[in-house]
Protein chains: 4
Amino acid sequence: MKTPFYYRRPIRWGDTDAAGIVFTAHYFDICMETIEGWFLDVLELDWFAMTHDHGIGSPFVHAEVDFHAPLTPRDTLLVRVDVERQGNSSLSLALTGTREVDGQCTFTGRFTCCFNDLASFIKIPIPDELRHRIDDYQRRCAE
Amino acid sequence: MKTPFYYRRPIRWGDTDAAGIVFTAHYFDICMETIEGWFLDVLELDWFAMTHDHGIGSPFVHAEVDFHAPLTPRDTLLVRVDVERQGNSSLSLALTGTREVDGQCTFTGRFTCCFNDLASFIKIPIPDELRHRIDDYQRRCAE
Amino acid sequence: MKTPFYYRRPIRWGDTDAAGIVFTAHYFDICMETIEGWFLDVLELDWFAMTHDHGIGSPFVHAEVDFHAPLTPRDTLLVRVDVERQGNSSLSLALTGTREVDGQCTFTGRFTCCFNDLASFIKIPIPDELRHRIDDYQRRCAE
Amino acid sequence: MKTPFYYRRPIRWGDTDAAGIVFTAHYFDICMETIEGWFLDVLELDWFAMTHDHGIGSPFVHAEVDFHAPLTPRDTLLVRVDVERQGNSSLSLALTGTREVDGQCTFTGRFTCCFNDLASFIKIPIPDELRHRIDDYQRRCAE
């Protein structure tokens, strides 16, 4: 597994709006694709399996993006994921989106999800196996 | 014009994900619909006309949402818009999403856009006419 | 209940792409909003309740749109729904999208869904109560 | 260049709806991603550059999909593109979406676009260079 995790994402026509740049709301689709990929590769956790097979959810309680430079379909993004904080039930991730061609930072984001029991919507502690993988990723990113 | 401005938005099937609730990224579509409606009703400003006819843009530099309770297609949202801060070029709006049926707050959001010249992407001061309408709205909300 | 059913839909900034017109794929979001509204108003059937409370689905087996004229956020759409054909399990709807301001037809569409048992994904006959409402709507549209 | 062209697309959480399968309208996003990729790889044509640098558009005049089997985030799609017909101004493509794991056909689609001058929205003939590349692709697919 490569560390840190990067999601490579060409900007597409469908991401744009009438100003010719990526539409504000679409950044959050791109961020969710990034985070889903990180869960799959780094935590070996598939949201769909977690939900359907294990009755566990990880709904987001906070999502934010700061936009530093516009993006167009001429760009390919590289989105890096860092662990910002691991709580008892919650996990905060920091995302950094740079243009592949010149490394310019185009956006930064912070996303926090909270593990819960899907049936009751009551918080549960992050399972130990995941906790170890998150710690491990954080350690390797810091090296 | 009604003050404060509320955007009424039934939750739809297409807003949901496999957990049976509104997908994280879709909240930002709903918030952008809300803000576009506020610009149109309160500022009498149409984003498409501003962009195409006047060469002025208002790209967002910050967008964030805190999620307090899940939403399903059984819900209808009421999203209230308040002016948080008006800078020289920037405008920060506070959004509050409540369930119509019982008034429960389901999310809060903060969105900041920055007026610019579309050709150069250089910041411009908020035009005086808009500034007055924003002030006026803020005053009437505070009453 | 008004017959025929019309869904009124202002075109929004988020519907557009870098050509300044509504993006091809977004027409299908608009059509699904229309059909969901028709099910709710005319058939008194809520997709979410049908799925979650009754274990019945109505997945689409066919969707098509012919595009006659571009749309921008200067336009408001009126989308009319007609029943094209009611089979044993399937229902075909014809959609006609016109510009509110001048009645120009901007697109036409055909969508076919098929009722099934969600657990087995096996087709089921359209329930009698729905069948009567569909017949009734078709009759009133023809008058 | 590989012939035929295949777009490989993992199904993601954000593609799903509350029935736990890919939402009808999202298939059209996936198809547009596929076609954009085919234009780029096979025709060496970038929609954004074509629009912004050359004032030429290729709006879609028809889009349809037949859905044969549901998709979930457990699936990865392979979408094949074939040329169905090349007219004077129009180009019809046939899409076939199969599950990577077992080759099961999950959907088929037909999409027709029409080249035009963006300023006047008047049809233009397909430029010769593109015409040759389209012919060439069709020939190699038939071998």
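As shown above, the structure is provided for reference.
Procedures and definitions
Residue indices follow the written sequence of each chain, beginning from 1 at its first position. Following the order in which they are written, the chains are lettered starting with A and the ligands numbered starting with 1. Residues qualify for local features only when their pLDDT is at least 70, as the model is predicted, and side-chain atom pairs are given and counted only at 80 or more; totals for whole chains, interfaces and linings, by contrast, use all residues. The basis for every side-chain value is the complete set of heavy atoms in the structure, and neither hydrogens nor water enter the calculation. Counting from the N terminus, the helices are the DSSP runs of H or I reaching at least four residues and the strands are the DSSP runs of E reaching at least two. Only the protein chains shown count as cover for residues, with accessible areas throughout obtained via the Shrake-Rupley method and a probe of 1.4 Å. Positive charges come from Lys and Arg, negative ones from Asp and Glu, while His and the chain ends are left out of the count. By convention, the point assigned to a charge is CZ for Arg, NZ for Lys, CD for Glu and CG for Asp. For the exposure calls, accessible area comes from a 1.4 Å probe over protein chains only, and a residue counts as buried if that area is under 20% of its type's maximum, exposed if over 50%, partly exposed in between. Contacts between residues were defined by any pair of non-hydrogen atoms, one from each residue, lying within 4.5 Å. To line up the copies, we fit them by least squares on C-alpha atoms, keeping just the residues with pLDDT of at least 70 in both. The buried area of a pairing is the accessible area, by a 1.4 Å probe, that goes missing from both parts when the two are put together, added over both. In the sections that follow, a salt bridge refers to a side-chain nitrogen of Lys or Arg positioned within 4 Å of a carboxyl oxygen of Asp or Glu. Whenever two N or O atoms come within 3.5 Å, that pair is a polar contact, provided that in protein one can donate a hydrogen and the other can accept it, and provided that, for residues adjacent in sequence, both atoms are side-chain atoms. Two strands are counted as paired when DSSP detects at least two bridges linking them. Convention adopted: a line fitted to C-alpha atoms gives each axis, helices being fitted over their contacting stretch, and angles between N-to-C directions are expressed from 0 to 180 degrees. In this count, Pro and Cys sit with the nonpolar residues alongside Ala, Val, Leu, Ile, Met, Phe, Trp and Tyr, while Asp, Glu, Lys and Arg are called charged and the others, Gly among them, polar. Here, expected helix span is obtained from the residue count minus one, scaled by 1.5 Å.

Asks: Describe the overall build of chain A, and please don't skip the residues or the numbers.
Replies: The number of helices and strands found in chain A is three helices and eight strands. Start at the N end of chain A and walk to the C end: the helices and strands fall as β-α-α-β-β-β-β-β-β-β-α. Seen through its principal axes, chain A has C-alpha atoms that stretch 45 × 35 × 20 Å. In the form shown here, chain A has an accessible surface area of approximately 5,900 Å², with 49% of it arising from carbon and sulfur atoms. Between the centroid of the 14 positive side chains of chain A and the centroid of its 22 negative side chains there is a distance of 4 Å.

Asks: I'd like a rundown of the environment of Thr-106 of chain D, residues and numbers included.
Replies: All names here are of chain D. Mapping Thr-106 onto the fold places it in strand S6 (residues 105-114). In this structure Thr-106 comes out as buried when scored by relative accessible area, which is 0%. Sequence separation of Thr-106 and Val-79 is 27 residues, and the distance between their C-alpha atoms is 9.8 Å. Thr-106 has contacts with Asp-66, Phe-67, His-68, Ala-69, Leu-71, Leu-77, Gly-97, Thr-98 and Arg-99, leaving out every residue within four places of it along the chain.

Asks: I'd love a proper account of the relation of the copies chain C and chain B, names of residues and values included.
Replies: Note on the identical chains: chain C maps onto chain B by a rotation of 180° and an axial translation of 0.0 Å, with an RMSD of 0.0 Å. What the rotation and shift describe, once combined, is the action of a two-fold rotation axis. With an isologous cut-off of 70% or more, the 100% of interface residues of chain C that recur at the interface of chain B puts this contact in the isologous class.

Asks: Tell me about the relation of the copies chain B and chain A, residues and numbers included.
Replies: For the pair chain B and chain A, the superposition axis carries a translation of 0.0 Å, the fit reaches an RMSD of 0.0 Å, and the rotation angle comes to 180°. Interface overlap between copies is the fraction of interface residues in one copy that are interface residues in the other; for chain B against chain A it reaches 100%, indicating a shared surface.

Asks: Give me the lowdown on the environment of Gly-97 of chain D, citing residues and values where you can.
Replies: All names here are of chain D. Along the polypeptide, Gly-97 turns up in strand S5 (residues 90-99). Taking C-alpha positions, Gly-97 is 32 Å from Asp-117, a pair spaced 20 residues apart along the chain. Aside from chain neighbours lying at most four places away, what touches Gly-97 is Leu-77, Leu-78, Val-79, Gln-104, Cys-105, Thr-106 and Phe-107.

Asks: Pulling in residues and values, what's your account of the interface of chain C and chain B?
Replies: Each side of the interface is counted separately: chain C has 16 residues, and chain B has 16 residues. Taking both sides of the interface into account, the surface hidden between chain C and chain B amounts to around 1,500 Å²; carbon and sulfur atoms contribute 61%. Contact with chain B buries surface across chain C, with Trp-13, Phe-48 and Arg-74 of chain C losing the most and accounting together for 46% of the total. There are four salt bridges connecting chain C and chain B. Run the count over chain C and chain B and you get four residue pairs in polar contact (both at pLDDT 80 or more).

Asks: Any details on the sheet that holds S5 of chain D? Residues and values, ideally.
Replies: Pairing in this open sheet of 10 strands is antiparallel, and the strands run S1(C)-S4(C)-S5(C)-S6(C)-S3(C)-S3(D)-S6(D)-S5(D)-S4(D)-S1(D) from one edge to the other. Unpaired on one side and paired on the other, strand S1 (5-10) of chain C together with strand S1 (5-10) of chain D mark the two borders of the sheet. Sheet twist, expressed as the average angle between the axes of neighbouring strands with direction ignored, equals 20°. The sheet contact formed by S5 of chain D and S6 of chain D spans nine bridges and is antiparallel. Across the sheet, residue Ser-90 of chain D finds its bridge partner in S6 of chain D, namely Cys-114 of chain D. Of the strands in this sheet, S1, strand S4 (76-86) and strand S5 (90-99) of chain C touch helix H3 (residues 128-142) of chain C, which is tilted by about 115° from S4 of chain C.

Asks: Describe in detail the interface of chain B and chain A, supporting the description with residues and values.
Replies: With 22 residues of chain B at the interface, the matching set in chain A holds 22 residues. Here chain B meets chain A over a buried area of about 1,900 Å², counting both sides, of which 68% is carbon and sulfur. Contact with chain A buries surface across chain B, with Thr-24, Phe-28 and Phe-67 of chain B losing the most and accounting together for 20% of the total. Going through the elements one at a time, helix H1 (24-41), helix H2 (47-54) and strand S3 (60-67) of chain B are the ones with two or more residues in the side of chain B that touches chain A. Looking at the side of chain B that touches chain A element by element, the count peaks at eight residues for S3 of chain B. Within the side of chain B that touches chain A, the residues separate by chemical class into 15 nonpolar, four polar and three charged.

Asks: Break down the pattern of salt bridges for me, citing the residues and quoting the values.
Replies: On inspection of all chains with the given rule, the structure shows 52 salt bridges over all chains. A salt bridge links Arg-74 of chain D to Asp-53 of chain A, with the nearest nitrogen and oxygen atoms 3.0 Å apart. Placement of the pair is Arg-74 of chain D in the loop between strand S3 (60-67) and strand S4 (76-86) and Asp-53 of chain A in helix H2 (residues 47-54), with the two residues belonging to separate chains. In this structure Asp-53 of chain A comes out as partly exposed when scored by relative accessible area, which is 47%. Between Arg-133 of chain C and Glu-44 of chain C there is a salt bridge, with the nearest N and O atoms lying 3.8 Å from each other. On the criterion of sequence distance, the pair formed by Arg-133 of chain C in helix H3 and Glu-44 of chain C in the loop between helix H1 (24-41) and helix H2 (47-54) is long-range, its members being 89 residues apart. A relative accessible area of 57% means that Glu-44 of chain C is categorised as exposed. Shared partners join several salt bridges into a network, and the residues in it are Arg-9, Asp-15 and Glu-33 of chain A together with Arg-12 of chain D.

Asks: Outline H1 of chain C, listing residues and values.
Replies: Here H1 of chain C is 18 residues long and its end C-alpha atoms lie 27 Å apart, about the 26 Å a rise of 1.5 Å per residue gives. A large share of H1 of chain C lies buried, amounting to 15 of its 18 residues.

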